[in-house]
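Each chain is listed here by its residues.
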Amino acid sequence: MRQFAAMFKARTMEFVRDRGTFFWNLLFPIVLVFGFAFAFSGRGQELFTVGIVTGASETAPAVAAPDLLHFLEIEQIEFVEYPSVAAETVVERLRRHQLDMVLDLERSEYYVNVESPNGPIIEMVLGATGGVELERRAVTGEPIRYVDWLVPGVIGMNMMFSCLFGVGFVIVRYRKNGVLKRLKATPVSALTFVTAQAASRLVIVVVTSIFVFAGTDLFLKFMMNGSYLNLLLITTLSILCMISVGLVFASRLRSEELTSGLMNLVTLPMIILSGVFFSLEGSPPVMQRIARAFPLTHFTEASRAIMLDGAGFLEILPNVLFLVVFTVALLLIAALLFKWE
């Protein structure tokens, strides 16, 4: 334990004394959140978005009534198909103003949010394109600001960079500079060294993530319908998972240039496909399946479900299980591949 405490303290103090890296990890996500909050504080997108609930699977096309064909051909409306098992979720999205209308083709009815400014307009368009006889269902609900939806993705992206480069890149630099070769001659074991590095980075990223969230929340007042404990749980597991990804890179490599290139090769697809800045709903199914393999996807999905939908532990359990299994698998790989030199 003394060896672990010494390695933990050394790595933590190294990070704190590096003023540039320390303030970058704190200020970058804060500036990004405020920047997007200002840029997207207006009306938002101009196109209407309509959810279509059918009895088909997620990949099968919707079969619409003949009277709906003219409505479905309007180019200014984006249509997103959902299976019937997701009907309640779709209506909840309508309550949050994430959809402008919901068409339930199985029940021959449509839902409209009477508190949405787009609701009466899209309802008039529906009635004017063929007089479709659908039963009207009215719902109410306050809108979700873009910044409420964005903040989990921004914090997750900052966590990803801090974990991968703060663990993987640092250990590779240690190996290149001969630090690991010197540590090999000490009583410190490889397991102690690696766990101390991971624990130090875990504490640093958890503290900075809490600071960023709390600091921006003071001014922006994020929507929070779930449990802070569940949010802390999914954050901690996600950080551990991303640290394990960094340890895999750090286990053998000794070239900083190669490490940086490989990490960018992993981080860029995660930023694009993990739903950090835009939703993947309506994207090709193959893209959605690829996104499910990234830990950042599970963090953003679970944290948004907690904050926006009030999801409990059971709702985020699939994300928790993925992160736990993925972390254990990567740690085993990193332990088997690790070399001092």
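Calculation notes
Residues numbered from 1 in each chain as written. Predicted model: local features only at pLDDT ≥ 70, side-chain atom pairs only at ≥ 80, totals over all residues. Heavy atoms only, no water. Helix = DSSP H or I, 4+ residues; strand = E, 2+ residues; numbered from the N terminus. Buried < 20%, exposed > 50% of the residue type's maximum accessible area, 1.4 Å probe, protein only. Contact = heavy atoms within 4.5 Å. Areas by Shrake-Rupley, 256 points an atom, 1.4 Å probe, with all protein chains shown as cover. Pairing = 2+ DSSP bridges. Axes fitted to C-alpha atoms, helices over the stretch in contact; angles between N-to-C directions. Phe/Tyr/Trp six-rings, centres within 6.5 Å; stacked < 30°, edge-to-face > 60°. Lys NZ or Arg CZ within 6 Å of the ring centre and 35° of its normal. Left-handed = near helix turned anticlockwise from the far one by under 90°. Nonpolar A, V, L, I, M, F, W, Y, C, P; charged D, E, K, R; others polar. Expected span 1.5 Å × (residues − 1). Salt bridge = Lys/Arg side-chain N within 4 Å of Asp/Glu carboxyl O. Polar contact = N/O pair within 3.5 Å; in protein donor to acceptor, adjacent residues only side chain to side chain. Parallel < 35°, antiparallel > 145°, perpendicular 65-115°, else oblique.

### Remarks on the overall build of the chain
Then step 1. From N to C terminus, the chain includes 13 helices and five strands.
Then step 2. Classification of the 341 residues of the chain by burial places 47% in the buried group.
Then step 3. The long-range share in the chain, meaning contacts at least 24 apart out of those at least 6 apart in sequence, stands at 80%.
Then step 4. Of the roughly 17400 Å² of accessible surface on the chain, a fraction of 65% belongs to carbon and sulfur atoms.

### Topic: the sheet that holds strand S3 (residues 101–104)
Then step 1. Taken in spatial order, the five strands line up as S2-S1-S3-S4-S5 in an open sheet, and their pairing is mixed. Among the strands making up the open sheet, the edge pair consists of strand S2 (77–83) and strand S5 (135–139). Each strand of the sheet is rotated relative to its neighbour by a mean of 20°, with strand direction disregarded.
Then step 2. Of the strand pairs in this sheet, S3 and strand S4 (residues 109–113) are connected by three bridges, and their pairing is antiparallel. Among the inter-strand pairings, Val102 is bridged to a residue of S4, identified as Tyr111.
Then step 3. Helix-sheet contacts for helix H4 (residues 87–95) involve strand S1 (48–54), S2, S3, S4 and S5, and the interaxial angle to S4 is about 30°.

### Some words on the packing of aromatic side chains
Then step 1. One pass over the full model with this rule turns up three aromatic pairs.
Then step 2. Relative to Phe326, the ring of Phe322 has its centre 5.2 Å away and its plane inclined at 15°; by these criteria the two rings are stacked. Here Phe322 and its partner Phe326 are both found in helix H13 (residues 313–337), four residues apart, which amounts to about one turn of the helix.
Then step 3. The lysine or arginine in question, Arg304, covers the ring of Trp149, its NZ or CZ lying 3.6 Å from the ring centre.

### A few points about the packing of helix H6 (residues 146–177) against helix H12 (residues 295–309)
Then step 1. Relative orientation of the contacting elements H6 and H12 amounts to 145°, with a least axis distance of 9 Å. In terms of crossing hand, the pair formed by H6 and H12 is right-handed. Contact residues: Asp148, Trp149, Leu150, Val151, Pro152, Gly153, Ile155, Gly156, Met157, Met159 and Met160 in H6; Leu296, Phe299, Thr300, Ser303, Arg304, Met307 and Leu308 in H12.
Then step 2. Class assignment of the residues belonging to the contact of H6 with H12 gives a composition of twelve nonpolar, four polar and two charged.

### Concerning helix H10 (residues 256–273)
Then step 1. Here H10 spans 26 Å end to end across 18 residues, near enough to the 26 Å set by a 1.5 Å rise per residue.
Then step 2. Listing the buried residues of H10 in full gives Glu256, Thr259, Met263, Thr267, Met270, Ile271 and Leu273.
Then step 3. Along its buried surface, H10 packs onto H6, helix H9 (228–250), helix H11 (285–291) and H12.
Then step 4. Just past H10, the residue Gly275 takes up positive phi, approximately 75°.

### Concerning the pattern of salt bridges
Then step 1. For the structure shown, the criterion picks out six salt bridges.
Then step 2. Between Arg137 and Glu109 there is a salt bridge whose closest N-O contact spans 3.1 Å. Note that Arg137 is positioned in strand S5 and Glu109 in strand S4, a separation of 28 residues in sequence.

### A word on unusual backbone geometry
Peptide bonds are, in most cases, trans, and in most cases residues other than glycine have a negative phi.
Then step 1. Of note, the phi angle at Ser108 is positive, near 55°, even though the residue is not glycine.
Then step 2. Positionally, Ser108 belongs in the loop between S3 and S4.
Then step 3. On the basis of relative accessible area, Ser108 is assigned to the partly exposed category, the value being 39%.
Then step 4. One non-glycine residue, Lys221, lies in the positive phi region at around 50°.
Then step 5. Inspection of the secondary structure assignment puts Lys221 in the loop between helix H8 (190–220) and H9.

### What about the side chain of Ser303?
Then step 1. Tracing the sequence through the fold places Ser303 in helix H12.
Then step 2. Overall, the relative accessible area of 1% leaves Ser303 in the buried class.
Then step 3. Within the structure, the side chain of Ser303 is placed 3.2 Å from the backbone oxygen of Thr300, a separation counted as a polar contact.
Then step 4. Ser303 has contacts with Pro152 and Leu231, leaving out every residue within four places of it along the chain.

### Focus: the packing of H9 against H13
Then step 1. Look at H9 against H13: their axes get within 8 Å of each other, and the N-to-C directions meet at 25°. With respect to H13, the axis of H9 lies roughly parallel. In this structure, H9 meets H13 at a crossing whose hand is left-handed. Contacts between H9 and H13 involve Asn230, Leu233, Ile234, Leu237, Ser238, Leu240, Cys241, Ser244, Val245, Leu247 and Val248 on the former and, on the latter, Phe313, Ile316, Asn319, Val320, Leu323, Val324, Phe326, Thr327, Leu330, Leu331, Ile333 and Ala334.
Then step 2. Of the residues in the contact of H9 with H13, the class split is 18 nonpolar, five polar and no charged.

### Remarks on the pairing of S4
Then step 1. Most of S4 sits inside the fold, with five of its five residues counted as buried.
Then step 2. Where burial is concerned, the two faces of S4 agree: the one with Glu109, Tyr111 and Asn113 and the one with Tyr110 and Val112 are both buried.
Then step 3. In the sheet, S4 pairs with S5 via five bridges, with the strands oriented parallel. Each bridged residue has a counterpart across the sheet, and for Glu109 the counterpart in S5 is Glu135.

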